[in-house]
Amino acid sequence: MVPAHAPAEQTDSGEFQRQEDAFREWISNDGSTPYPAAAGRYHLYVSLACPWASRTIIFRKLKGLEDTIGMTIVDPFRDEKGWAFRDPERSRPGSALNKLDEFESTDPVSGFHYLSQAYTATDPNFKERVTVPVLWDKKTRKIVNNCEDDICPIFNSVFNEFAKNKDIDFFPKDIEAEHIKLSEFLYDNINNGVYRAGFATRQRTYETSCKKLFDALDEMEKRLSKSRYLFGNPNAIFGASSIIRISKVICLISISTRESPRRSASITSSVITT
Ligand SMILES: N[C@@H](CCC(=O)N[C@@H](CS)C(=O)NCC(=O)O)C(=O)O
(Lines give C-alpha, C1' and ligand atoms only; values in the text may rest on other atoms or scores of the structure.)
Protein backbone atom coordinates (compact mmCIF):
# COMPACT_ATOMS: atom_id res chain seq x y z
CA MET A 1 0.00 0.00 0.00
CA VAL A 2 1.39 3.41 -0.96
CA PRO A 3 0.78 6.56 1.16
CA ALA A 4 -2.39 8.46 0.23
CA HIS A 5 -2.16 11.83 -1.53
CA ALA A 6 -5.17 12.92 0.53
CA PRO A 7 -5.77 10.56 3.47
CA ALA A 8 -9.22 12.05 4.21
CA GLU A 9 -10.31 11.09 0.69
CA GLN A 10 -9.22 7.44 0.85
CA THR A 11 -11.47 4.45 1.50
CA ASP A 12 -10.28 1.35 3.38
CA SER A 13 -9.91 -0.48 0.09
CA GLY A 14 -7.50 2.17 -1.21
CA GLU A 15 -9.91 4.04 -3.46
CA PHE A 16 -9.77 7.80 -3.97
CA GLN A 17 -13.10 9.33 -2.93
CA ARG A 18 -13.19 12.96 -3.95
CA GLN A 19 -14.17 15.60 -1.37
CA GLU A 20 -17.30 17.63 -2.04
CA ASP A 21 -16.73 21.11 -3.40
CA ALA A 22 -17.19 23.54 -0.54
CA PHE A 23 -18.46 26.70 -2.27
CA ARG A 24 -21.29 26.52 -4.74
CA GLU A 25 -23.04 29.88 -4.83
CA TRP A 26 -24.46 30.99 -8.16
CA ILE A 27 -24.01 34.27 -10.01
CA SER A 28 -27.28 35.65 -11.39
CA ASN A 29 -28.46 38.29 -13.82
CA ASP A 30 -31.98 38.42 -12.40
CA GLY A 31 -31.27 39.35 -8.78
CA SER A 32 -32.02 35.85 -7.49
CA THR A 33 -28.68 35.45 -5.68
CA PRO A 34 -26.43 37.81 -3.70
CA TYR A 35 -23.93 37.70 -6.58
CA PRO A 36 -25.08 39.78 -9.56
CA ALA A 37 -23.37 39.40 -12.92
CA ALA A 38 -21.02 42.37 -13.33
CA ALA A 39 -17.93 43.23 -15.32
CA GLY A 40 -14.69 43.43 -13.34
CA ARG A 41 -16.15 42.06 -10.09
CA TYR A 42 -15.16 38.37 -10.31
CA HIS A 43 -11.74 36.79 -10.68
CA LEU A 44 -10.75 33.29 -11.69
CA TYR A 45 -7.81 31.51 -10.04
CA VAL A 46 -6.50 28.55 -12.03
CA SER A 47 -3.63 26.17 -12.59
CA LEU A 48 -2.74 25.24 -16.17
CA ALA A 49 -1.96 21.68 -15.02
CA CYS A 50 -5.49 21.09 -13.77
CA PRO A 51 -8.05 19.69 -16.23
CA TRP A 52 -11.00 21.07 -14.26
CA ALA A 53 -9.49 24.54 -14.16
CA SER A 54 -8.49 24.29 -17.82
CA ARG A 55 -12.10 23.84 -18.80
CA THR A 56 -13.03 27.10 -17.05
CA ILE A 57 -10.17 28.84 -18.90
CA ILE A 58 -11.47 27.48 -22.21
CA PHE A 59 -15.02 28.62 -21.41
CA ARG A 60 -13.87 32.11 -20.43
CA LYS A 61 -12.01 32.41 -23.73
CA LEU A 62 -14.70 30.88 -25.96
CA LYS A 63 -17.42 33.10 -24.53
CA GLY A 64 -15.15 36.15 -24.87
CA LEU A 65 -15.15 37.03 -21.18
CA GLU A 66 -11.49 37.99 -20.81
CA ASP A 67 -12.34 41.67 -20.26
CA THR A 68 -15.14 40.84 -17.83
CA ILE A 69 -13.53 38.24 -15.58
CA GLY A 70 -9.87 38.57 -14.61
CA MET A 71 -7.69 35.52 -14.24
CA THR A 72 -4.54 34.58 -12.34
CA ILE A 73 -2.51 31.41 -12.89
CA VAL A 74 -0.86 29.84 -9.85
CA ASP A 75 2.70 28.54 -9.85
CA PRO A 76 2.64 24.97 -11.26
CA PHE A 77 4.89 23.84 -8.41
CA ARG A 78 2.82 22.85 -5.39
CA ASP A 79 4.31 21.81 -2.06
CA GLU A 80 2.59 21.03 1.26
CA LYS A 81 1.45 24.67 1.49
CA GLY A 82 -0.62 24.16 -1.64
CA TRP A 83 -1.05 26.37 -4.70
CA ALA A 84 1.07 29.54 -4.50
CA PHE A 85 0.99 32.89 -6.27
CA ARG A 86 4.68 32.77 -7.12
CA ASP A 87 6.76 33.51 -10.20
CA PRO A 88 7.30 30.00 -11.67
CA GLU A 89 10.92 30.94 -12.36
CA ARG A 90 11.49 30.73 -8.60
CA SER A 91 10.35 27.11 -8.31
CA ARG A 92 11.85 25.90 -11.60
CA PRO A 93 14.34 23.07 -10.95
CA GLY A 94 17.83 24.52 -10.91
CA SER A 95 16.55 28.07 -10.53
CA ALA A 96 18.97 30.46 -8.88
CA LEU A 97 16.02 32.22 -7.19
CA ASN A 98 14.69 29.28 -5.17
CA LYS A 99 13.77 30.19 -1.50
CA LEU A 100 10.24 28.97 -2.05
CA ASP A 101 8.89 30.68 1.05
CA GLU A 102 10.17 34.11 0.20
CA PHE A 103 8.47 35.56 -2.80
CA GLU A 104 6.44 38.48 -4.00
CA SER A 105 2.81 37.63 -4.65
CA THR A 106 1.72 37.39 -8.27
CA ASP A 107 -1.94 37.77 -7.23
CA PRO A 108 -3.01 41.20 -8.53
CA VAL A 109 -6.36 41.14 -6.74
CA SER A 110 -5.70 40.42 -3.08
CA GLY A 111 -1.94 40.01 -2.90
CA PHE A 112 -2.41 36.49 -1.53
CA HIS A 113 0.69 34.32 -1.33
CA TYR A 114 -1.24 31.05 -1.20
CA LEU A 115 -4.64 30.11 -2.57
CA SER A 116 -5.46 28.75 0.90
CA GLN A 117 -5.81 32.41 1.99
CA ALA A 118 -8.83 32.77 -0.32
CA TYR A 119 -10.36 29.68 1.30
CA THR A 120 -9.84 30.84 4.87
CA ALA A 121 -11.04 34.35 3.99
CA THR A 122 -14.28 32.69 2.89
CA ASP A 123 -14.51 30.15 5.71
CA PRO A 124 -12.03 30.53 8.58
CA ASN A 125 -12.69 26.90 9.56
CA PHE A 126 -11.91 25.47 6.13
CA LYS A 127 -9.68 22.42 6.68
CA GLU A 128 -10.03 20.47 3.45
CA ARG A 129 -7.90 20.27 0.32
CA VAL A 130 -7.48 23.65 -1.37
CA THR A 131 -8.24 23.29 -5.06
CA VAL A 132 -8.41 25.22 -8.30
CA PRO A 133 -10.47 26.51 -10.05
CA VAL A 134 -11.73 29.25 -7.76
CA LEU A 135 -14.14 32.01 -8.74
CA TRP A 136 -13.48 34.89 -6.36
CA ASP A 137 -15.71 37.88 -5.63
CA LYS A 138 -13.65 41.03 -5.20
CA LYS A 139 -16.56 42.87 -3.54
CA THR A 140 -17.41 40.50 -0.68
CA ARG A 141 -13.85 39.09 -0.67
CA LYS A 142 -15.19 35.56 -0.72
CA ILE A 143 -15.08 32.54 -2.99
CA VAL A 144 -18.35 32.34 -4.89
CA ASN A 145 -17.74 28.93 -6.38
CA ASN A 146 -14.91 26.36 -6.56
CA CYS A 147 -16.65 23.79 -8.74
CA GLU A 148 -15.90 23.54 -12.42
CA ASP A 149 -19.31 21.91 -13.01
CA ASP A 150 -20.92 25.20 -11.93
CA ILE A 151 -18.38 27.72 -13.19
CA CYS A 152 -18.68 26.58 -16.84
CA PRO A 153 -22.51 26.89 -16.97
CA ILE A 154 -22.22 30.24 -15.15
CA PHE A 155 -19.78 31.50 -17.82
CA ASN A 156 -21.99 30.02 -20.54
CA SER A 157 -25.12 31.96 -19.70
CA VAL A 158 -24.94 34.47 -16.87
CA PHE A 159 -22.49 37.01 -18.28
CA ASN A 160 -24.05 37.24 -21.74
CA GLU A 161 -24.59 40.98 -21.33
CA PHE A 162 -20.79 41.36 -21.36
CA ALA A 163 -19.67 38.34 -23.39
CA LYS A 164 -18.15 38.93 -26.83
CA ASN A 165 -19.68 35.63 -27.98
CA LYS A 166 -23.04 35.83 -26.23
CA ASP A 167 -24.87 33.82 -28.89
CA ILE A 168 -22.77 30.69 -28.58
CA ASP A 169 -24.43 28.18 -26.28
CA PHE A 170 -22.17 25.39 -25.07
CA PHE A 171 -25.01 23.57 -23.32
CA PRO A 172 -27.54 23.31 -26.17
CA LYS A 173 -31.04 22.41 -24.98
CA ASP A 174 -31.76 20.07 -27.90
CA ILE A 175 -29.10 17.60 -26.76
CA GLU A 176 -29.39 18.21 -23.02
CA ALA A 177 -30.28 14.64 -22.01
CA GLU A 178 -27.55 13.04 -24.16
CA HIS A 179 -25.15 15.72 -22.98
CA ILE A 180 -25.77 14.91 -19.30
CA LYS A 181 -25.44 11.17 -19.94
CA LEU A 182 -22.12 11.53 -21.71
CA SER A 183 -20.85 14.02 -19.15
CA GLU A 184 -21.55 11.52 -16.37
CA PHE A 185 -19.74 8.78 -18.28
CA LEU A 186 -16.76 11.06 -18.90
CA TYR A 187 -16.70 12.26 -15.31
CA ASP A 188 -16.80 8.78 -13.79
CA ASN A 189 -14.46 7.06 -16.17
CA ILE A 190 -12.09 9.68 -17.50
CA ASN A 191 -12.13 13.05 -15.75
CA ASN A 192 -12.31 11.63 -12.24
CA GLY A 193 -11.06 8.24 -13.47
CA VAL A 194 -7.51 9.53 -13.83
CA TYR A 195 -7.56 10.60 -10.18
CA ARG A 196 -8.96 7.24 -9.07
CA ALA A 197 -6.08 5.54 -10.87
CA GLY A 198 -3.43 8.05 -9.85
CA PHE A 199 -4.42 8.22 -6.18
CA ALA A 200 -5.25 4.54 -5.58
CA THR A 201 -3.19 3.20 -2.70
CA ARG A 202 -3.67 -0.54 -3.32
CA GLN A 203 -2.52 -2.46 -6.35
CA ARG A 204 -5.85 -4.11 -7.14
CA THR A 205 -7.78 -0.83 -6.86
CA TYR A 206 -5.19 0.83 -9.08
CA GLU A 207 -5.49 -1.89 -11.73
CA THR A 208 -9.31 -1.79 -11.75
CA SER A 209 -9.29 2.02 -12.02
CA CYS A 210 -6.70 1.99 -14.80
CA LYS A 211 -8.68 -0.57 -16.78
CA LYS A 212 -11.87 1.51 -16.49
CA LEU A 213 -9.99 4.61 -17.61
CA PHE A 214 -8.35 3.06 -20.65
CA ASP A 215 -11.51 1.16 -21.66
CA ALA A 216 -13.36 4.48 -21.61
CA LEU A 217 -10.63 6.14 -23.69
CA ASP A 218 -10.95 3.26 -26.19
CA GLU A 219 -14.71 3.83 -26.34
CA MET A 220 -14.26 7.53 -27.00
CA GLU A 221 -11.61 6.74 -29.60
CA LYS A 222 -14.12 4.48 -31.37
CA ARG A 223 -16.85 7.13 -31.19
CA LEU A 224 -14.60 9.89 -32.52
CA SER A 225 -13.18 7.73 -35.32
CA LYS A 226 -16.70 7.81 -36.84
CA SER A 227 -17.51 11.44 -36.19
CA ARG A 228 -15.43 14.57 -35.75
CA TYR A 229 -17.57 15.80 -32.86
CA LEU A 230 -18.98 13.99 -29.85
CA PHE A 231 -22.42 15.11 -31.03
CA GLY A 232 -23.47 16.63 -34.34
CA ASN A 233 -23.09 19.99 -32.61
CA PRO A 234 -19.49 21.25 -32.62
CA ASN A 235 -20.22 23.65 -29.75
CA ALA A 236 -20.77 21.00 -27.11
CA ILE A 237 -17.40 20.60 -25.43
CA PHE A 238 -16.68 18.20 -22.63
CA GLY A 239 -13.71 16.14 -21.64
CA ALA A 240 -11.30 17.65 -24.13
CA SER A 241 -9.19 19.45 -21.59
CA SER A 242 -8.95 16.31 -19.46
CA ILE A 243 -7.66 14.34 -22.40
CA ILE A 244 -4.98 16.90 -23.17
CA ARG A 245 -4.00 16.98 -19.49
CA ILE A 246 -3.96 13.17 -19.27
CA SER A 247 -1.45 13.12 -22.08
CA LYS A 248 0.69 16.06 -21.03
CA VAL A 249 0.51 15.98 -17.23
CA ILE A 250 -1.36 13.17 -15.56
CA CYS A 251 0.30 10.23 -17.33
CA LEU A 252 3.63 11.74 -16.40
CA ILE A 253 2.98 12.38 -12.74
CA SER A 254 0.51 9.86 -11.52
CA ILE A 255 -0.29 6.89 -13.72
CA SER A 256 2.04 4.56 -15.53
CA THR A 257 0.03 4.09 -18.66
CA ARG A 258 -1.11 1.16 -20.68
CA GLU A 259 -0.49 3.45 -23.61
CA SER A 260 -0.34 7.18 -23.98
CA PRO A 261 -3.60 8.80 -25.10
CA ARG A 262 -1.40 10.64 -27.60
CA ARG A 263 -1.65 7.45 -29.61
CA SER A 264 -5.44 7.69 -29.66
CA ALA A 265 -5.50 9.39 -33.01
CA SER A 266 -9.19 10.25 -33.30
CA ILE A 267 -9.50 11.63 -29.77
CA THR A 268 -6.41 13.75 -30.27
CA SER A 269 -7.41 15.17 -33.63
CA SER A 270 -10.92 15.85 -32.40
CA VAL A 271 -9.57 17.69 -29.36
CA ILE A 272 -7.26 19.73 -31.53
CA THR A 273 -9.87 20.64 -34.13
CA THR A 274 -12.80 21.47 -31.80
N1 LIG B 1 -14.19 19.62 -7.84
C2 LIG B 1 -13.23 20.45 -8.36
C3 LIG B 1 -11.99 19.64 -8.53
C4 LIG B 1 -10.80 20.50 -8.61
C5 LIG B 1 -9.50 19.74 -8.35
O6 LIG B 1 -9.49 18.55 -8.03
N7 LIG B 1 -8.36 20.45 -8.51
C8 LIG B 1 -7.06 19.87 -8.23
C9 LIG B 1 -6.11 20.04 -9.41
S10 LIG B 1 -6.63 19.14 -10.80
C11 LIG B 1 -6.39 20.62 -7.10
O12 LIG B 1 -6.44 21.83 -7.03
N13 LIG B 1 -5.72 19.90 -6.22
C14 LIG B 1 -4.99 20.46 -5.12
C15 LIG B 1 -4.47 19.42 -4.18
O16 LIG B 1 -4.64 18.22 -4.43
O17 LIG B 1 -3.86 19.79 -3.18
C18 LIG B 1 -13.82 20.96 -9.65
O19 LIG B 1 -14.61 20.23 -10.29
O20 LIG B 1 -13.58 22.09 -9.99
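The structure under discussion appears in the preceding block.
Overview of the structure. (Residues numbered from 1 in each chain as written. Predicted model: local features only at pLDDT ≥ 70, side-chain atom pairs only at ≥ 80, totals over all residues.)

In the neighbourhood of the ligand, the contacting residues comprise Asp21, Cys50, Trp52, Gly82, Arg129, Thr131, Val132, Pro133, Cys147, Glu148 and Asp149. Taken together, the residues of the shell around the ligand break down into five nonpolar, two polar and four charged. (Near = placed C-beta within 6 Å. Nonpolar A, V, L, I, M, F, W, Y, C, P; charged D, E, K, R; others polar.)

Bringing unusual backbone geometry into the picture now. Omega for the bond connecting Val132 with Pro133 falls within 30 degrees of zero, at 0°, which places this linkage in the cis form. Following the sequence through the fold, Pro133 ends up in the loop between helix 3 (116-122) and strand 5 (134-137). (Helix = DSSP H or I, 4+ residues; strand = E, 2+ residues; numbered from the N terminus.)

Sheet analysis places strand 3 (residues 42-46) next to strand 5, joined by four bridges and oriented antiparallel. Bridge pairing links Tyr45 to Val134 in strand 5. Pairing of strand 5 with strand 6 (residues 142-145) involves three bridges; the strand directions are antiparallel. By the bridge assignment for strand 6, Leu135 is matched with Asn145. In this antiparallel pair of consecutive strands, strand 5 and strand 6, the connection spans four residues, and Arg141 shows a positive phi of 55°. (Pairing = 2+ DSSP bridges.)

Tyr45, Leu115, Ala118, Val132, Val134 and Leu135 are the most contacted members of the largest nonpolar core, which totals 35 residues. Looking at this core, the elements that each hand over two or more residues are strand 3, helix 1 (51-62), helix 3, strand 5, strand 6 and helix 4 (148-157). Not counting residues up to four positions away in its chain, the partners in contact with Tyr45 are Thr72, Val74, Leu115, Ala118, Val132, Pro133, Val134 and Trp136. Counting 15 residues, the second largest nonpolar core, distinct from the first, contains Phe16, Val194, Ala200 and Leu217. (Core = buried A, V, L, I, M, F, W, Y, C linked by C-beta atoms within 7 Å. Buried ≥ 20, exposed ≤ 12 C-beta atoms within 10 Å, placed from the backbone. Contact = placed C-beta atoms within 7 Å.)

This part covers the environment of Pro51. Along the polypeptide, Pro51 turns up in helix 1. Distance in space between the C-alpha atoms of Pro51 and Val132 is 9.7 Å, their sequence separation being 81 residues.

Structurally, the position occupied by Ile190 is in helix 5 (residues 176-191). Take Ile190: there are 24 C-beta atoms within 10 Å of it, and that puts it in the buried class. Taking C-alpha positions, Ile190 is 8.2 Å from Phe214, a pair spaced 24 residues apart along the chain.

Taken in spatial order, the four strands make up an open sheet running 4-3-5-6, and their pairing is mixed. Either end of the sheet is taken by a strand with one partner, and the two such strands are strand 4 (70-73) and strand 6. With strand direction ignored, the average angle separating the axes of adjacent strands in the sheet is 35°. Against the sheet, helix 1 contacts strand 3 and strand 4, and its axis sits at roughly 135° relative to strand 3. (Axes fitted to C-alpha atoms, helices over the stretch in contact; angles between N-to-C directions.)

Here helix 1 is 12 residues long and its end C-alpha atoms lie 16 Å apart, about the 16 Å a rise of 1.5 Å per residue gives. Buried within helix 1 we find Pro51, Trp52, Ala53, Ser54, Arg55, Thr56, Phe59 and Arg60. Gly64 lies just past helix 1 and shows a positive phi near 75°. (Expected span 1.5 Å × (residues − 1).)

As a further point, take the environment of Glu9. Position of Glu9 among the secondary structure elements: in the segment before strand 1 (27-28). Spatially, the C-alpha atom of Glu9 lies 6.3 Å from that of Gln19, the residues being 10 residues apart in sequence. In contact with Glu9, other than residues within four places in its own chain, are Phe16, Gln17, Arg18 and Gln19.

A word on the packing of helix 1 against helix 4. Helix 4 packs onto helix 1 with a crossing angle of 0° between their chain directions and a minimal axis gap of 9 Å. The angle between the axes of helix 1 and helix 4 places the two elements in the roughly parallel class. Of helix 4, the residues touching helix 1 (which contributes Trp52, Arg55, Thr56, Phe59 and Arg60) are Glu148, Ile151, Cys152, Phe155 and Asn156. Residue composition of the contact of helix 1 with helix 4, grouped by class: five nonpolar, two polar and three charged. (Parallel < 35°, antiparallel > 145°, perpendicular 65-115°, else oblique.)

None of this, on its own, says anything about what the molecule does.
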